[in-house]
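Here's the letter readout for the chains.
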Amino acid sequence: WYWQKEKREPYVKFMEANYPPGFSYEDFGPLFTAEFFDPNQWADILKASGAKYVVLTSKHHEGFTLWGSKYSWNWNAVDVGPKRDLVAELATSVRNRTDLHFGLYHSLFEWFNPLFLEDATNVFKTREFPTSKSLPELYEIVTKYQPEIIWSDGNGNAPDTYWNSTGFLAWLYNDSPVRDTVVTNDRWGVGSICTHGGFYTCSDRYNPGHLLPHKWENCMTIDKRSWGYRRNAQLDDYLTTEDLVKQLVETVSCGGNLLMNIGPTHDGRIAVIFEERLRQMGAWLKVNGEAIYGTKPWRAQNDTVTPDVWYTFSPKEGKVNAIFLNWPVSGTLELGEPQAKLGETQVKLIGHKELLRWVALGEKGIVIALPQLTPKQLPCQWGWTLQLTDIN
């Protein structure tokens, strides 16, 4: 898009300097080789990350499908490049080796597809592209791979009526093989984003910082500048584990899910830095998972007195979780939101055995004495959880 459509200078120059004259985008097809793609290894990394669902990009805006689609002749991973059905392989490994829900991203439109461009010229009064390409593909991936999340994207500035989104969704929820388990997002045509859908995405890297009345998802990237793999990325371009934990905690406390994007390489690897970030998230969740999984937003999302403290609520146990991202130098943590009850409220640091001492501050607020721990004794490295029971 930057090279061929917007003709941005750095991209045009890079292609001229590094590829033969007349090299087209299609010529990248055979260079996508995936020789190191090991779906079992991917599944193991995903499981280790503590994630509960995974969404694979089955087709992006350039139309190349990662399965041998009948509707994408000679422009798919079975006919060109890897000569493998990457969707099937990953779906099988994820289902055999993990309890993750398997989802698929699918782009409705395609940047340079002549059928789509013709429909766009006709101001979407004709519907050649959705009827012969986009919709058949959607039915194909649902029937073939039975994904439990359909993550639609790329409306191409066309309304949902052009895409027949309601027709497809009616089939999906009533008659498809995944009708009882599937969830969908909100990108089904102009005007539907953040308005219609199972969960809202609203925009890329969406993190409102306050409670939303509808289930939503923060879909963001570990590489701050890209959704794909960049060979020229610098260390500073990647979010640190501290950054990622902060994103997760803020998102969950405001009623959202976190979808963290990584870009694999052309030869099928999850780059080591992405693997490390994922495993570190998993290590954090191993300790603090009870403050994330199965929680609901509490009456307050973040603390009014101490910054970088976010709350979640565990309905089964009736516990309030206060996740604090900075360990105070003073050794005491003041929380402005909880209303403690003398002789009843208990405060526990997840990953630490003894109960903590606390004093109430009038009607609202509590000061908690944190245990004096060496770095080795800390339950984890990047943010800690206090569990408060018997709080008003």
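Residues numbered from 1 in each chain as written. Predicted model: local features only at pLDDT ≥ 70, side-chain atom pairs only at ≥ 80, totals over all residues. Heavy atoms only, no water.

- Going by an unreviewed UniProt entry, the chain carries the name alpha-L-fucosidase and comes from Oceanites oceanicus.
- Note on the chain: under the UniProt heading Function (unreviewed entry), the record states "Alpha-L-fucosidase is responsible for hydrolyzing the alpha-1,6-linked fucose joined to the reducing-end N-acetylglucosamine of the carbohydrate moieties of glycoproteins."
- In its Subunit (unreviewed entry) section, the UniProt entry covering the chain states "Homotetramer." (UniProt positions renumbered as here; feature names shortened; annotations may be inferred.)

### Some words on the domain arrangement of the chain
In step 1: Each assigned domain of the chain is listed here: domain 1 (9-291) and domain 2 (296-389).
In step 2: Placing a centre on the C-alpha atoms of domain 1 and another on those of domain 2 gives a separation of 37 Å.
In step 3: Counting residues at the interface gives 18 residues for domain 1, matched by 18 residues for domain 2.
In step 4: In total, about 1,600 Å² of surface goes out of reach between domain 1 and domain 2, with carbon and sulfur atoms giving 68% of it.
In step 5: For domain 1, the biggest contributors to the area lost against domain 2 are Ser-253, Glu-290 and Ala-291; these three give 30% of the whole.
In step 6: Scanning the region where domain 1 abuts domain 2 turns up 1 salt bridge.
In step 7: Among the salt bridges present, the one from Lys-246 reaches Asp-308, with a minimum N-O distance of 2.8 Å.
In step 8: Seen at the junction of domain 1 and domain 2, the total is 7 residue pairs in polar contact (both at pLDDT 80 or more).
In step 9: Those elements giving two or more residues to the side of domain 1 that touches domain 2 turn out to be α8 (241-253) and α9 (272-288). (Domains from an automatic or database assignment. Contact = heavy atoms within 4.5 Å. Buried area = accessible area lost by both parts, 1.4 Å probe. Salt bridge = Lys/Arg side-chain N within 4 Å of Asp/Glu carboxyl O. Polar contact = N/O pair within 3.5 Å; in protein donor to acceptor, adjacent residues only side chain to side chain. Helix = DSSP H or I, 4+ residues; strand = E, 2+ residues; numbered from the N terminus.)

### Focus: the environment of Phe-324
In step 1: When you line up the elements, Phe-324 lands in strand β8 (residues 319-324).
In step 2: Judged by relative accessible area, which is 0%, Phe-324 ranks as buried.
In step 3: Put simply, Phe-324 and Thr-385 are 61 residues apart on the chain and 6.4 Å apart in space, counted from C-alpha to C-alpha.
In step 4: Ignoring anything within four residues of it in the chain, the contact list for Phe-324 reads Asp-308, Val-309, Leu-333, Leu-349, Leu-370, Gly-383, Trp-384, Thr-385 and Leu-386. (Buried < 20%, exposed > 50% of the residue type's maximum accessible area, 1.4 Å probe, protein only.)

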